[in-house]
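For reference, the chains in residue letters:
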Amino acid sequence: MPLEKMKAAWIPRFGGPEVLEIREIVRPVPSPDSVLVRVRAAGLNRADLLQRQGKYPPPPGYPAEMPGIEFAGEVAETGAQVRSWKKGQRVFGLTGGAAHAEYLAIHERLIAEIPPNLDWKQAAAVPEVFITAHDALWQQAELRRGETVLVNAVGSGVGIAAVQLARAMNARAFGVSRTPEKIEQAKQYGLADGIALRDNLDELAAAAERWTAGKGFDVFLDLVGGSYPSTVQTMMALKGRMIFIGTMAGSRYELDARYLMSKRLCLRGTVLRSRTLEEKIAVTQSFAREVLPVLANGTLRPVLDSVFSLGEIVKAHERLESNQTFGKVVIEI
Ligand SMILES: NC(=O)c1ccc[n+]([C@@H]2O[C@H](COP(=O)([O-])OP(=O)(O)OC[C@H]3O[C@@H](n4cnc5c(N)ncnc54)[C@H](OP(=O)(O)O)[C@@H]3O)[C@@H](O)[C@H]2O)c1
C-alpha cells in the first residue's frame, strides 16, 4: 500500500521566519499505544522560534525540521492496544515536536478530551500555556487561596494563563509587562494590578509594597529572567516560592543567600519538553483532572491573539517574534 502523505511546516535550514516551508511528507503511522490525530489547529510557541533558529533542538525521536509542540484535532486512527479513545473524538495536548502538520501520532495518555465549549482554535491555545502555568503555580508552587503572585511578561500566553489560574484559586495576581496596554488587557482576565516597566525595575519595589501590604509576594513566576530574579528576591514573602520558567531577557542572574536563607525561599526551575514520558503523562492527567473542568465551565478562557493558516506560517512566526502579541498565536491546519 502506498504511504499516505500530509502537509507539514518544515525547517530546511536554521534562520529567520523566511526559511520556513510547507512540505508534503509521509504521514506518521501510530504505534500500538498511540493515536493518529488529524490536527485542526496548533499553537505557536517560543520553542518553535528557537527550534527554527537552531537554538532549541527537539527531544530525541522528533525531527529537528518539524516544529510544533501543541495541537488540537480529532482522533483519525487508533493503535492496536488503544482502548481509551475512539475515532472522531476531539483531543488536545503537548508533544515533543512535529505538531504543525496535518497529522500527528501521539501516546494515548498524552492527550485529553477538548471541552465542548471550545472550538479548534480556542482548544489549540490551551495545552502549552495552561499546562505550564498549572504545573508551575498549582502543583510546584502549591499556590493557595489568598496568596499573592507576581507574573512578568504578563501579556504572554503563559502569563495570562497564570493570571487566570491564580484567580481561579482565589489568589491575587500582579503583573509586569513592557507594554502598558497589555496590563489593561490582563485586568480583564483577573489581574489585580500591574505596572509597565522596561529595563529599569526600580519602581517595582514600591508597587510590591503597596500590592502585598509590605508582606512580599508568596509566589514569583519568572517568565523573563535577566534582571528580574535578583530584583524580585528582595520582594518575596517569608517562605515564598520563585519558579523559573523563561529566559527571554537572559539566563544568568545573581541571587543572594541572605534573602534566600532569611526568607526561607524555595527556588524551582522547570521545563516541560524534556520530561520523561511518565512525567508528561502525569502532568497531562493532572491537567485533565484539575484544569479541564474549569475550562469547561468558562472560568478559564483561552486567549487568542491571532490566527493564521498553515500556508501563512512565516507570518505567524513573524507575529510571535514581534513581541506585540497578547495571548496565543494559532495556526489552522
Ligand atoms: N519552562 C517551560 O516549560 C516553558 C513552557 C512554556 C513557555 N516557557 C517560556 O515562558 C516564557 C513565556 O512564553 P509564552 O509562550 O507565554 O510567551 P509569548 O506569548 O511569546 O509572550 C512573550 C512576551 O514576553 C515579553 N518579552 C519578550 N522578550 C522580553 C524581554 N527580553 N524582556 C521582557 N519581556 C519580554 C513580550 O511582551 P512585552 O514586551 O509586551 O511585555 C512578549 O510578547 C518564554 O520565555 C517561554 O520560553 C517555558
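Rules used in this analysis
Residues numbered from 1 in each chain as written. Predicted model: local features only at pLDDT ≥ 70, side-chain atom pairs only at ≥ 80, totals over all residues. Heavy atoms only, no water. Helix = DSSP H or I, 4+ residues; strand = E, 2+ residues; numbered from the N terminus. Contact = heavy atoms within 4.5 Å. Near = heavy atom within 4 Å. Polar contact = N/O pair within 3.5 Å; in protein donor to acceptor, adjacent residues only side chain to side chain. Nonpolar A, V, L, I, M, F, W, Y, C, P; charged D, E, K, R; others polar. Domains from an automatic or database assignment. Buried < 20%, exposed > 50% of the residue type's maximum accessible area, 1.4 Å probe, protein only. Lys, Arg positive; Asp, Glu negative; His and termini not counted. Salt bridge = Lys/Arg side-chain N within 4 Å of Asp/Glu carboxyl O. Core = buried A, V, L, I, M, F, W, Y, C linked by side-chain atoms within 4.5 Å. Phe/Tyr/Trp six-rings, centres within 6.5 Å; stacked < 30°, edge-to-face > 60°. Lys NZ or Arg CZ within 6 Å of the ring centre and 35° of its normal. Pairing = 2+ DSSP bridges. Axes fitted to C-alpha atoms, helices over the stretch in contact; angles between N-to-C directions. Right-handed = clockwise from strand over helix to strand, strands pointing away. Expected span 1.5 Å × (residues − 1).

Novice: Account for the side chain of threonine 325, naming residues and giving values.
Specialist: Inspection of the secondary structure puts threonine 325 in the loop between helix H11 (313–321) and strand E15 (328–332). If we ignore the near neighbours within four places in the chain, the residues touching threonine 325 are Gly155, Lys182, Asp305, Arg319 and Leu320.

Novice: Can you lay out the site of the ligand for me, pointing to particular residues and giving the numbers?
Specialist: Around the ligand there are 25 residues in total, and Arg46, Val158, Arg178, Thr179 and Lys182 lie nearest to it. Between the ligand and the protein, one listed contact pairs an oxygen atom with a side-chain N or O atom of serine 156 at 3.4 Å. Between asparagine 323 and the ligand, the recorded distance is 3.3 Å, taken from a backbone N or O atom to an oxygen atom. Taken together, the elements giving at least two residues each to the shell around the ligand come down to helix H3 (127–140) and helix H4 (157–168). In the shell around the ligand, the residues fall into ten nonpolar, eleven polar and four charged. Counting the residues that make up the shell around the ligand, at least three belong to each of domain 1 (5–126 + 273–332) and domain 2 (129–269).

Novice: Just give me the short version of the side chain of aspartate 222, but keep the residues and values in it.
Specialist: Its place among the elements puts aspartate 222 in strand E11 (residues 217–222). No salt bridge is formed by the buried aspartate 222, whose closest oppositely charged neighbour, arginine 178, lies at an N-O distance of 12 Å. From its side chain, aspartate 222 meets the backbone nitrogen of valine 224 in a polar contact 3.1 Å long. Only 3.0 Å separates the side chain of aspartate 222 from the backbone nitrogen of glycine 225, close enough to count as a polar contact. Apart from residues no more than four positions distant in its own chain, aspartate 222 is found in contact with Asn152, Tyr228, Pro229, Ile243, Phe244, Ile245, Gly246 and Tyr253.

Novice: Could you give an account of the nonpolar core, naming the residues involved and the relevant values?
Specialist: One finds Phe92, Phe130, Leu137, Leu150, Leu204 and Phe287 to be the most contacted residues of the largest nonpolar core, which totals 72 residues. Contact partners of phenylalanine 287, with chain neighbours within four places excluded, come to Phe92, Ala112, Val126, Phe130, Ile131, His134, Leu292 and Leu295. If you look at the next biggest cluster of nonpolar residues, it comprises 28 residues, including Ile11, Val35, Val37 and Leu44.

Novice: Lay out unusual backbone geometry with the relevant residues and their values.
Specialist: Although it is not a glycine, glutamate 142 adopts a positive phi angle of roughly 50°. Here glutamate 142 is to be found in the loop between H3 and strand E8 (148–152). Under the relative-accessibility criterion, glutamate 142 is labelled partly exposed at 47%.

Novice: Give me the lowdown on the packing of aromatic side chains, citing residues and values where you can.
Specialist: Going through the model one piece at a time under the given rule, you end up with six aromatic pairs. An aromatic cluster of three or more residues is present, and its members are Phe174, Trp211 and Phe217. A cation sits over an aromatic face here: arginine 90 above tryptophan 120, 5.0 Å from the ring centre. If you follow arginine 273 out to its NZ or CZ, it ends over the ring of tyrosine 56, 4.8 Å from the centre.

Novice: Tell me about the sheet that holds strand E10 (residues 191–196), residues and numbers included.
Specialist: Reading across from one edge, E10-E9-E8-E11-E12-E13 is the order of the six strands in this open sheet, with parallel pairing throughout. The sheet terminates laterally at E10 and strand E13 (266–269), the two strands that pair on one side only. Here the average twist between neighbouring strands, direction ignored, is 15°. Relative to E13, strand E12 (residues 236–244) is paired through four bridges, and the arrangement is parallel. When the bridges of E13 are listed, methionine 242 appears paired with leucine 267. Here helix H5 (residues 180–187) sits on the sheet and contacts strand E9 (172–177) and E10; the angle it forms with E10, its principal contact strand, is near 180°. Along the sheet, helix H6 (residues 203–211) contacts E8, E9, E10 and E11; its crossing angle with E10, the most-contacted strand, is approximately 165°.

Novice: Quick one: what's the story with the pairing of E8, residue by residue and with numbers?
Specialist: Most of E8 is tucked away: five of the five residues are buried. Where burial is concerned, the two faces of E8 agree: the one with Thr148, Leu150 and Asn152 and the one with Val149 and Val151 are both buried. For E8 and E9, the ladder comprises five bridges, and the chain directions are parallel. Counterpart to valine 149 in the pairing with E9 is alanine 173. In this region the chain leaves E8, passes through H4 and returns to the parallel neighbour E9; the handedness of that crossover is right-handed. Here E8 runs beside E11; their pairing, made up of three bridges, is parallel. From the neighbouring strand, valine 149 faces E11, where its bridge partner is valine 219.

Novice: Run through helix H9 (residues 277–290), naming residues and quoting values.
Specialist: With 14 residues, H9 should reach 20 Å at 1.5 Å per residue; the first-to-last C-alpha distance of 20 Å fits that figure. Turning to H9, its buried residues number three or more, namely Lys280, Ile281, Val283, Thr284, Ser286 and Phe287. Residues of H9 that are buried make contact with strand E5 (90–94), strand E6 (103–107), strand E7 (111–113), H3 and helix H10 (292–296).

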